[in-house]
Amino acid sequence: MAAAVAEAHRREWAFVLAATVRVTRDLDLAEECVQDAYAQALTRWADDGIPARPGGWLTTAARNRAFDLLRRRSTLLRRLPLLVSDETGEDPAEAALAAAEIPDDRLRLICTCCHPALSIEAQVALTLRLVCGLTTAEVARAFLVSEPTMAARITRAKKKIATARIPYRVPAPAELPERIDAVLAVVHLLFTTGHTAPSGDALIRRDLAERATDVARMLRLLLPGNAEVAGLLALILLTDARRETRVDESGAMVPLADQDRTRWDRTRIAEGLALVRAALSSSPDGDTSPDHAEHRAEPHPTPPGRYALEAAIAAVHAESPSYAATDWRDILGLYDILIQRWPSPVVALNRAVAVGMADGPQAGLTALEPLTAEPQLAAYPYLPAARAHFLAELGRTDAARLAYEEAILLTDNTPQRRYLAAKLARLR
């Protein structure tokens, strides 16, 4: 029974919460009611059986609990700032258009959380917590910050939404572009969390990866001319095309170098490559070809956006017939542009790995060295894992063992930890 409730949490949380917020107009109260509904499910489903529509059962339970609490708290709630209801001040024609184009209540909640009155960091964190149902610890790991820091950030964001009287509705089409950066960041972090789960016994959280794909497709339909929307959807499709080959039958992690490329989803790859071309065609130099290094790696004063460039990197991997044939020089050129467009410690780390693959392990190790003093990467397991790989290739076995041990200590995902432990065991 606990497994059924956990599955309903993964698949139905956003639907249930979004529907409950429409009743309460109070994020904290809605969360309380939804959590209570899931607690009821643990006992009621054991006695009555799992309902045919778990999401509908949970939504009804949460909304009934909300109505009950609202009646008890009516005097208090009249004195508190609440979310403006979606009907307040909304043009009926715009509301009908939004409902027709975005038939998913989750996006209503996403757009509320991604209001320009909030900082970008707060928008992304709050949306991951409320819409995607991630724990505060999981959101903190996605941001590479401590859990108390993230908890405080989420609390401040909720208070800001209430005091600023932010409306709970999908913005009119004319308003949506100003929200797009935060929404794309939300979808990207949602996908990366699903692609490689921060913790747990499974490498992949399929539900999160599929949910991110759904929302990205929705955004693509709504904003077909936006290059970054096209780039993000391309990145998701090209990366997720490898999903079935990333673990073996026992659930063990299979690295990119050992994956069976004949099992990659070629339909998704073809769609992703077409989207890469569409995303890059909006760049100032007019490049529409993701197939040649001279087009993609040449710097430009105003290069394509972050997601278009990341998708172009994914396209190189997708088109390589084998790991040995991967054009790392091409990938390095793309990272050189990306780090100008979107400088971050993680991009710098990925670029350093590309340096090592293109120019040899010593060059990679040299590129990684400055990043060991980067505070945001202090608890990031991929940094010591990358160092361990290059150290092992250089024959520096003792240093490689220490680096692998550090990476294992920082890794909470079981398949990744086992993979690193196997690498360490081979060195011993």
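Quick caveat: nothing in here was measured; it's all calculated off a predicted structure.

Attention now goes to the overall build of the protein. Scanning the protein from terminus to terminus reveals 21 helices and two strands. Out of the 428 residues belonging to the protein, those deemed buried represent 50%. In the form shown here, the protein has an accessible surface area of approximately 19,100 Å², with 53% of it arising from carbon and sulfur atoms.

Let us now look at the pattern of salt bridges. Within the structure shown, the criterion is met by 19 salt bridges. For Arg243, the salt bridge goes to Asp240, with nearest N and O atoms at 2.6 Å. You can call Asp240 buried: its relative accessible area is 5%. Between Arg351 and Asp336 there is a salt bridge whose closest N-O contact spans 2.6 Å. In this pair, Arg351 is assigned in helix α17 (residues 345-359) and Asp336 in helix α16 (residues 328-341), connecting sequence segments 15 residues apart. Overall, the relative accessible area of 28% leaves Asp336 in the partly exposed class.

Residue placement: Thr245 occurs in the loop between α12 (227-240) and α13 (266-280). The class for Thr245 is buried, based on a relative accessible area of 4%.

Attention now goes to the packing of aromatic side chains. This model, assessed by the stated rule, comprises four aromatic pairs. Between Trp45 and Trp57, the ring centres sit 5.5 Å apart and the planes meet at 75°, which makes this aromatic pair edge-to-face. With Trp45 in helix α2 (residues 27-48) and Trp57 in helix α3 (residues 54-72), the pair connects residues that are 12 residues apart, well separated along the chain. A cation over an aromatic ring shows up here: Arg242 above the ring of Trp264, its NZ or CZ 5.9 Å from the ring centre.

Here we take up the packing of α17 against helix α18 (residues 361-368). Their axes nearest at 6 Å, the elements α17 and α18 cross at an angle of 160°. With respect to each other, α17 and α18 are oriented roughly antiparallel. For the pair α17 and α18, the crossing hand works out as right-handed. Contacts from Leu349, Ala352, Val355, Gly356 and Asp359 in α17 reach Pro361, Ala363, Gly364, Ala367 and Leu368 in α18. Of the residues contributing to the contact of α17 with α18, the split by class is seven nonpolar, two polar and one charged.

Let us now look at helix α10 (residues 180-195). Between its first and last C-alpha atoms α10 spans 22 Å; for 16 residues at 1.5 Å apiece the expected length is 22 Å, and the two agree. Here α10 lies mainly inside the structure; 14 of its 16 residues are buried.

Attention shifts here to the nonpolar core. Formed by 100 residues in total, the largest nonpolar core has its most connected members in Leu109, Leu128 and Val187. The residues touching Val187, leaving out its near neighbours within four places in the chain, are Ala212, Val215, Ala216, Leu219, Leu232 and Ile236. Counting residues in each nonpolar core, the second largest holds 21 residues, with Leu349, Ala400, Tyr404 and Leu420 among its members.

Before going further, it helps to spend a moment on unusual backbone geometry. For Arg25, which is not glycine, the phi torsion reads 55° and is therefore positive. Assignment of secondary structure puts Arg25 in the loop between α1 (2-24) and α2.

Secondary-structure assignment places Arg242 in the loop between α12 and α13. Buried Arg242, no salt bridge; nearest opposite-charge side chain is Asp240, N-O distance 8.9 Å. Apart from the residues within four sequence positions on either side, Arg242 is in contact with His195, Leu256, Gln259, Trp264 and His317.

Here we take up the state of the cysteines. Taken as a whole, this structure holds zero disulfides when the rule is applied. Just so you know, Cys111 is unpaired, no disulfide at all, and the nearest cysteine sulfur is the one on Cys114, 6.8 Å from it.

So, about α1. Here α1 is 23 residues long, yet its end C-alpha atoms lie only 27 Å apart, well below the 33 Å a rise of 1.5 Å per residue gives. At Glu12, α1 shows its strongest bend, of approximately 65°. Of all the positions in α1, only Val5, Ala8, Trp13, Ala14, Val16, Leu17, Ala18, Ala19, Thr20, Val21, Val23 and Thr24 are classed as buried. On its buried face, α1 sits against α2, α3, α6 (105-113) and α7 (120-130).

Of the residues in the protein, 88% reach a pLDDT of 70 or more, and the chain-wide mean stands at 86. In this model residues 87-103 is a low-confidence stretch, pLDDT under 50, and it forms 13 contacts with partners more than four residues away in sequence or in other chains. Scored below 50 in pLDDT, residues 283-302 shows 35 contacts in the model against residues more than four places distant or in partner chains.

Definitions and cut-offs
All residue numbers refer to position in the chain's written sequence, counted from 1. The predicted nature of this model means local features are confined to residues of pLDDT at least 70 and side-chain atom pairs, given and counted, to a pLDDT of 80 or more, with totals for whole chains, interfaces and linings taken over all residues. Side-chain descriptors were evaluated using all non-hydrogen atoms of the structure, hydrogens and water having been removed beforehand. In DSSP terms, a helix is any run of H or I states spanning at least four residues, a strand is any run of E spanning at least two, and both are numbered starting from the N terminus. Any residue under 20% of the maximum accessible area for its type is buried, any over 50% is exposed, and the rest in between are partly exposed; the area is computed with a 1.4 Å probe on protein chains only. Per-residue and other accessible areas were derived by the Shrake-Rupley procedure at a 1.4 Å probe size, with only the shown protein chains allowed to occlude residues. The term salt bridge refers to a pairing of a side-chain nitrogen on Lys or Arg with a carboxyl oxygen on Asp or Glu at a separation within 4 Å. Planes of paired rings set the category: under 30 degrees apart is stacked, over 60 is edge-to-face and the rest tilted, where pairs are Phe, Tyr or Trp rings (Trp by its six-membered ring) whose centres lie within 6.5 Å. We call a charge positioned above a ring when the Lys NZ or Arg CZ atom is no farther than 6 Å from the ring centre and deviates by at most 35 degrees from the ring normal. Axes here refer to lines fitted to C-alpha atoms; in helices the fit is confined to the stretch in contact. Angles between the N-to-C directions go from 0 to 180 degrees. Put simply, angles under 35 degrees are roughly parallel, angles over 145 are roughly antiparallel, angles from 65 to 115 are roughly perpendicular, and the rest are oblique. Each crossing gets its hand from how the near helix is turned against the far one by less than a right angle, where anticlockwise is left-handed and clockwise is right-handed. Only heavy atoms enter the contact rule, under which two residues are in contact if any of them lie within 4.5 Å. All amino acids are sorted into three groups, where Ala, Val, Leu, Ile, Met, Phe, Trp, Tyr, Cys and Pro are nonpolar, Asp, Glu, Lys and Arg are charged, and the leftover types, Gly among them, are polar. Take the number of residues in a helix, subtract one, and multiply by 1.5 Å to get its expected span. Joining through side-chain atoms within 4.5 Å is the link that ties buried Ala, Val, Leu, Ile, Met, Phe, Trp, Tyr and Cys residues into a set, and such a set is a nonpolar core. Neither His nor the chain termini are counted; the positive set is Lys and Arg, and the negative set is Asp and Glu. Cysteine sulfur atoms are paired as a disulfide whenever they fall within 2.5 Å. Across the chain, bend at a residue is computed as the angle between axes fitted to the seven residues ending at that point and the seven starting from it. The predictor attaches a confidence to each residue, called pLDDT, with possible values from 0 through 100.

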